[in-house]
Amino acid sequence: MRIGVDTSRTDNKRVFVVSGDEVTSAILTFMLTDGNETHELRDIDAAFEKGAEWKPDLIIVDASLVKGRGLSVLQDIADRLPGAKVAVVVEETDAGDAKAWIGAGAHAIIPKPLTIEAVRRHADILLGRVSAKPKVQLFPRVPRTSPGV
C-alpha cells in the first residue's frame, strides 16, 4: 500500500522507530513504511544491537526514552550509531524539554498528535530528501487593478 508517496524515489532509507508505547510505535511504523525500510524496536539497546549490523539513517525515539535515560542517551546514539539523525516524538507537555534535547543531540522534534504529512515531512527533511526551507516565489504576481497599468 502506498499512501501519498512519490513512487519515483529510488532511495530506500533505513529508519528505526524506538518506542515502548506499542500504539505510537505502530503508528510511526505504518506512516514511514512506504518509501523507507522501517524497523520497529522496543528499546534503545535493541536499536544498538540491530544498528551494529544495519546502520540506520534515522532513529525516531519516544520522549519517554529520553526522560527515562536522561540526555546522555542522545550522545550514546551519536557515538554508537554515527551518521544517524535523531528525532524525538513529544507530547505538548514536553515542549519545555525539547529545546534541551535539540542542544544535546536530537536533530528534530516531532510533536503529537502525529499526522502522516508531518511525520513524513520531518523524516524526509532529516533524510535529505527535501529542503527544510520553504519555497519562496521571488517575483510574485500582483493582480492588475486596471487594464492600463
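Right above here is the structure, for reference.
Residues numbered from 1 in each chain as written. Predicted model: local features only at pLDDT ≥ 70, side-chain atom pairs only at ≥ 80, totals over all residues. Heavy atoms only, no water.

> Hey, could you go over the packing of helix α1 (residues 22-33) against helix α6 (residues 116-126) for me, with residue numbers and the actual values?
Two elements in contact, α1 and α6, have axes separated by 10 Å at closest approach and are oriented at 70°. Viewed along their axes, α1 and α6 adopt a mutual orientation that is roughly perpendicular. Where α1 crosses over α6, the two elements pack in a sense that is right-handed. Here Leu28, Phe30, Met31 and Leu32 of α1 lie close against α6, whose contacting residues are Ile116, Val119, Arg120 and Ala123. (Axes fitted to C-alpha atoms, helices over the stretch in contact; angles between N-to-C directions. Helix = DSSP H or I, 4+ residues; strand = E, 2+ residues; numbered from the N terminus. Parallel < 35°, antiparallel > 145°, perpendicular 65-115°, else oblique. Left-handed = near helix turned anticlockwise from the far one by under 90°. Contact = heavy atoms within 4.5 Å.)

> Account for the sheet that holds strand β3 (residues 58-62), naming residues and giving values.
Spatially, β2-β1-β3-β4-β5 is the arrangement adopted by the 5 strands of the open sheet, whose pairing is parallel. At either margin of the open sheet sits one strand with a lone partner, and together these are β2 (36-41) and β5 (108-111). Pairwise comparison of adjacent strand axes, ignoring direction, gives a mean angle of 20° for this sheet. Of the strand pairs in this sheet, strand β1 (residues 13-18) and β2 are connected by 6 bridges, and their pairing is parallel. Within β2, the residue paired with Val15 across the bridge is Thr38. Together, β1 and β2 form the strand contacts of helix α2 (residues 44-53), whose direction differs from that of β1 by roughly 155°. Packed onto the sheet, α6 meets β3, β4 (85-90) and β5 and runs at close to 170° relative to β5. (Pairing = 2+ DSSP bridges.)

> Report on the pattern of salt bridges, specifying residues and quantitative values.
Tallying each qualifying case throughout the model produces 7 salt bridges. Residues Asp45 and Arg69 are paired through a salt bridge, measuring 2.9 Å at the closest nitrogen-oxygen approach. Remark: Arg69 occurs in helix α3 (residues 63-69) and Asp45 occurs in helix α2; sequence separation between them is 24 residues. The class for Asp45 is partly exposed, based on a relative accessible area of 41%. Taking relative accessible area as the criterion, Arg69 reaches 39% and is therefore assigned partly exposed. Across the pair Glu91 and Lys112 runs a salt bridge, and its minimum N-O distance is 3.2 Å. (Salt bridge = Lys/Arg side-chain N within 4 Å of Asp/Glu carboxyl O. Buried < 20%, exposed > 50% of the residue type's maximum accessible area, 1.4 Å probe, protein only.)

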